[in-house]
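What follows is each chain in one-letter form.
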Amino acid sequence: TRLLSSWAGEDRADDERRVRDALLVRLRHCAVVWFSDEQLPAIQFLNRHAADITPLLSAMAAHPPDAREALEIISSLRYYWQLHPVDPWPRARDWRGKALSLDGVRDLVTLRAMQTDAYIAYHEGDLDGARMQLEAIDKNLEPGLAGFPEELFSVFVAGLVEMAEGRVEAAEPKFAAV
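Residues numbered from 1 in each chain as written. Predicted model: local features only at pLDDT ≥ 70, side-chain atom pairs only at ≥ 80, totals over all residues. Heavy atoms only, no water.

### Description of the packing of helix H4 (residues 50-62) against helix H5 (residues 67-76)
A pair of packed helices is characterised by two quantities: the angle between their axes and the separation of those axes.
Stage number 1. Where H4 meets H5, the axes come as close as 7 Å, and the angle between the chain directions of the two elements is 135°. As far as their axial angle goes, H5 and H4 are oblique. Seen from above, H4 lies across H5 with left-handed handedness. Judged by residue contacts, Leu57, Met60 and Ala61 of H4 engage Ala67, Glu69, Ala70, Ile73 and Ile74 from H5. (Axes fitted to C-alpha atoms, helices over the stretch in contact; angles between N-to-C directions. Helix = DSSP H or I, 4+ residues; strand = E, 2+ residues; numbered from the N terminus. Parallel < 35°, antiparallel > 145°, perpendicular 65-115°, else oblique. Left-handed = near helix turned anticlockwise from the far one by under 90°. Contact = heavy atoms within 4.5 Å.)

### Considerations on helix H9 (residues 127-140)
Stage number 1. For H9, spanning 14 residues, the distance from its first C-alpha to its last is 20 Å, which sits close to the expected 20 Å at 1.5 Å a residue.
Stage number 2. Those residues of H9 not exposed but buried are Leu127, Gly129, Ala130, Gln133, Leu134, Ala136 and Ile137. (Expected span 1.5 Å × (residues − 1). Buried < 20%, exposed > 50% of the residue type's maximum accessible area, 1.4 Å probe, protein only.)

### Thoughts on the packing of aromatic side chains
Stage number 1. On inspection of all chains with the given rule, the structure shows 6 aromatic pairs.
Stage number 2. Judged by centre distance (5.2 Å) and plane angle (75°), the rings of Phe35 and Tyr79 are edge-to-face. Linking Phe35 in the loop between helix H2 (12-32) and helix H3 (39-48) with Tyr79 in helix H6 (residues 78-83), this pair joins segments that are 44 residues apart in sequence.
Stage number 3. Exposure remark for Tyr79: the relative accessible area of 22% places this residue in the partly exposed category.
Stage number 4. A centroid spacing of 6.4 Å and a plane angle of 85° characterise the contact between Tyr79 and Phe153, whose relative ring orientation is edge-to-face. Here Phe153 lies in helix H10 (residues 148-164) and Tyr79 lies in helix H6, a separation of 74 residues in the sequence.
Stage number 5. Connected via pairs of aromatic rings, a cluster forms that spans Phe35, Tyr79, Tyr119, Phe153, Phe156 and Phe175.
Stage number 6. Here the basic side chain of Arg26 rests over the ring of Phe45, its NZ or CZ set 4.1 Å away from the ring centre. (Phe/Tyr/Trp six-rings, centres within 6.5 Å; stacked < 30°, edge-to-face > 60°. Lys NZ or Arg CZ within 6 Å of the ring centre and 35° of its normal.)

### Thoughts on the layout of surface pockets
Stage number 1. Estimated volume of the largest pocket: approximately 390 Å³.
Stage number 2. In terms of lining, the largest pocket is formed by 22 residues, of which the most central are Leu111, Leu134, Ile137, Asp138 and Ser154.
Stage number 3. Those elements giving two or more residues to the lining of the largest pocket turn out to be helix H8 (108-124), H9 and H10.
Stage number 4. Here the lining of the largest pocket gets 7 residues from one element, more than from any other, and that element is H10.
Stage number 5. Counted by class, the lining of the largest pocket contains 10 nonpolar, 3 polar and 9 charged residues.
Stage number 6. Here the second largest pocket is characterised by a volume of approximately 290 Å³. (1 Å grid on protein atoms, 1.4 Å probe; cavity = no way out; pocket = protein on both sides within 12 Å on 5 of 7 lines; lining within 4 Å. Points joined across faces, edges and corners; volume = space filled by probe spheres on them. Nonpolar A, V, L, I, M, F, W, Y, C, P; charged D, E, K, R; others polar.)

### Describing the pattern of salt bridges
Stage number 1. Under the counting rule described, the total for this entry stands at 18 salt bridges.
Stage number 2. Between Arg20 and Asp21 there is a salt bridge whose closest N-O contact spans 3.4 Å.
Stage number 3. Residue classification places Arg20 among the buried residues on the basis of a relative accessible area of 14%.
Stage number 4. When its relative accessible area of 34% is taken as the criterion, Asp21 is described as partly exposed.
Stage number 5. Here Arg20 and Asp66 are joined by a salt bridge, their closest N and O atoms 3.3 Å apart. With Arg20 in helix H2 and Asp66 in the loop between H4 and H5, the pair connects residues that are 46 residues apart, well separated along the chain. Like Asp66, Arg20 is buried.
Stage number 6. In this structure, a network of salt bridges that share partners links the residues Arg17, Arg20, Asp21, Arg28, Asp66, Glu69 and Glu72. (Salt bridge = Lys/Arg side-chain N within 4 Å of Asp/Glu carboxyl O.)

### Observations concerning the nonpolar core
Stage number 1. Core analysis: the biggest nonpolar cluster contains 48 residues, and Leu27, Leu46, Leu57, Ile74, Leu77, Trp81 and Trp95 have the highest contact counts within it.
Stage number 2. At 8 residues, the largest contribution of residues to this core is made by H8.
Stage number 3. Residues within four places of Ile74 in sequence aside, it is in contact with Leu57, Trp81, Ala92, Trp95, Arg96 and Thr116. (Core = buried A, V, L, I, M, F, W, Y, C linked by side-chain atoms within 4.5 Å.)

### Observations regarding the side chain of Arg96
Stage number 1. The topology assignment puts Arg96 in helix H7 (residues 88-102).
Stage number 2. Judged by its relative accessible area of 12%, Arg96 falls in the buried class.
Stage number 3. Only 3.2 Å separates the side chain of Arg96 from the side chain of Asp117, close enough to count as a polar contact.
Stage number 4. Residue contacts for Arg96: discarding those within four places in its chain leaves Leu71, Ile74, Ala113, Met114, Asp117 and Gln133. (Polar contact = N/O pair within 3.5 Å; in protein donor to acceptor, adjacent residues only side chain to side chain.)

What follows is the structure, encoded as structure tokens:
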């Protein structure tokens, strides 16, 4: 992080790990409180520390032991990426792609990462990419893996894609279900 880059010492690796772990705790907290009265402080924290968050998630997504944790955090902050589409938006898709290629597990974390990619693709105007990701979820993940909130989110994203493609009649029942 920027804070640690300015000091040297024997304990630097330990200090870097502690700062990294504290930042990850805060990132998880920001995701948990997103739809609460703590949302604004969470956004302010994320904005204030974006210069540290971006390289951290990039490094984690490319490092096999950290790829799974990166998928979890990237996905849990999907609404934040929506607020800041200019810089981290395409990176979040790149991070997700790298991390998924390193993590062979196909479970709820994978599902949420794929949903996040479809959601980001939709917002980028990549409707083909969003649709392909939703189809990949159906094809590559075990039926019944998703809980109710995840199922609803997939239905919601599918509705967004259909609406953007002008297929209002197909989108309406999806939005009604959500």
